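Results of the structural survey
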Amino acid sequence: FIRFMPQNPPSKDDKNQLTHFDVSGKAHMVDVGEKKETHRIAIASGSIHMKPETMALVLAGQADKGDVLGIARIAAIMGAKKTSELIPLCHPVGLTKVTVDFTTENTCVTCRAQAETMGKTGVEMEALTGVSVALLTIYDMCKAVDKTMTIGEICLLRKSGGKSGVFERSLR
């Protein structure tokens, strides 16, 4: 059993506070009413590893359920659009653009999603959800031939806009 410990009252510029909890430890939706609307962009990526013969089916477009990467692209866009319905304290965001790209190397498919808005809150969760849903869709479409697939390495690569400015993940 883990008990949540209340935070210290946050100072105005304290970046070490969990913003979705109030000072008594109760979950709440962050108030973005006073924030300025800015152009916000987030890019996320993740990957799925599979058997060589599964990758061959994906690349040849011969999976029983159809065009795996084409359907996964649509799923990623849908996932990004539905993020606030899936993540409890996530604000609904009016997305202005979502792009999804796939790269393949050996037995790995990497998905990269970019979400954009002009708004008061960022789109990191939308980009991350898009990637996650795309990879889950690939798993679903290929699981009949490969139950050993592994999804991972889902991360935020870059974000810009808003008060916190630009974040860019350093390459390992």
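In this report, the structure presented in the accompanying data block is examined. Predicted, not measured: the structure shown is a model, and the values here were computed from it. (Residues numbered from 1 in each chain as written. Predicted model: local features only at pLDDT ≥ 70, side-chain atom pairs only at ≥ 80, totals over all residues. Heavy atoms only, no water.)

1. A short note on the overall build of the protein chain
For the protein chain, the count of helices and strands is four helices and five strands. Counting only residues that meet the buried cut, the protein chain has 35% of its 172 residues in that class. Here the contacts in the protein chain between residues at least 6 apart in sequence split such that 66% fall between residues at least 24 apart. Per element, the accessible surface of the protein chain, about 10800 Å² overall, is 57% carbon and sulfur. (Helix = DSSP H or I, 4+ residues; strand = E, 2+ residues; numbered from the N terminus. Buried < 20%, exposed > 50% of the residue type's maximum accessible area, 1.4 Å probe, protein only. Contact = heavy atoms within 4.5 Å. Areas by Shrake-Rupley, 256 points an atom, 1.4 Å probe, with all protein chains shown as cover.)

2. Points about the layout of surface pockets
Considered as a void within the structure, the second largest pocket measures approximately 350 Å³ in volume. Lining of the second largest pocket is provided by 16 residues; of these, Ser45, Cys155, Leu157, Arg169 and Leu171 occupy positions nearest its centre. A class-by-class count of the residues in the lining of the second largest pocket yields five nonpolar, five polar and six charged. (1 Å grid on protein atoms, 1.4 Å probe; cavity = no way out; pocket = protein on both sides within 12 Å on 5 of 7 lines; lining within 4 Å. Points joined across faces, edges and corners; volume = space filled by probe spheres on them. Nonpolar A, V, L, I, M, F, W, Y, C, P; charged D, E, K, R; others polar.)

3. What about the nonpolar core?
Counting 31 residues, the largest nonpolar core has Met50, Val68, Phe102, Val109 and Ile138 as its most contacted members. At the level of elements, β1 (38-49), α1 (52-60), α2 (68-81), β2 (95-105), β3 (108-119) and α4 (124-142) are the ones that each hand at least two residues to this core. (Core = buried A, V, L, I, M, F, W, Y, C linked by side-chain atoms within 4.5 Å.)

4. A look at α1
Turning to α1, its buried residues are Thr54, Met55 and Val58. Considered in projection along α1, the buried side chains sweep an arc of 100° and stay on one side of the axis. Against the buried residues of α1 lie α2, β2, β3 and α4. The first or second residue beyond α1 is Gly61, which carries a positive phi of 70°. (Arc of directions from axis to C-beta.)

5. A few points about the sheet that holds strand β5 (residues 167-168)
On the basis of which strands lie adjacent, the open sheet formed by five strands has the order β2-β3-β1-β4-β5 and antiparallel pairing. Strands with a single pairing partner mark the edges of an open sheet, and in this sheet they are β2 and β5. In terms of strand pairing, β1 meets strand β4 (residues 150-160) through eight bridges, oriented antiparallel. Looking across to β4, one finds that Ile48 is bridged to Ile151. Against the sheet, α4 touches β1, β2, β3 and β4, its axis set at about 25° to β1. (Pairing = 2+ DSSP bridges. Axes fitted to C-alpha atoms, helices over the stretch in contact; angles between N-to-C directions.)

6. Some words on α4
Between the first and last C-alpha of α4 there are 28 Å, a value that for 19 residues agrees with the 27 Å anticipated at 1.5 Å per step. Within α4, burial applies to Glu126, Ala127, Leu128, Thr129, Gly130, Val131, Ala134, Leu135, Thr137, Ile138, Met141 and Cys142. (Expected span 1.5 Å × (residues − 1).)

7. Details of the environment of Leu171
Along the chain, Leu171 turns up in the segment after β5. Expressed as a C-alpha distance, the spacing of Leu171 and Leu157, which sit 14 residues apart in the sequence, is 9.2 Å.

8. A few points about the pairing of β3
Bridging between β1 and β3 involves twelve bridges; their strand directions are antiparallel. Residue pairing for β3: Ser45 is matched across the bridge by Arg112. Where β2 meets β3, ten bridges bridge the pair, whose relative direction is antiparallel. What sits directly across from Phe102, in β3, is Cys111. Between β2 and β3, which pair antiparallel in sequence order, lie two residues; one of them, Asn106, sits at a positive phi of approximately 55°.

9. Quick word on the pattern of salt bridges
Applying the stated criterion to the full structure yields three salt bridges. A salt bridge links Arg158 to Glu168; the shortest N-O distance between them is 3.3 Å. Residue Arg158 is located in strand β4, and its partner Glu168 is located in strand β5; the two are separated by ten residues in the primary sequence. (Salt bridge = Lys/Arg side-chain N within 4 Å of Asp/Glu carboxyl O.)

Any functional reading would require information beyond the geometric quantities listed.
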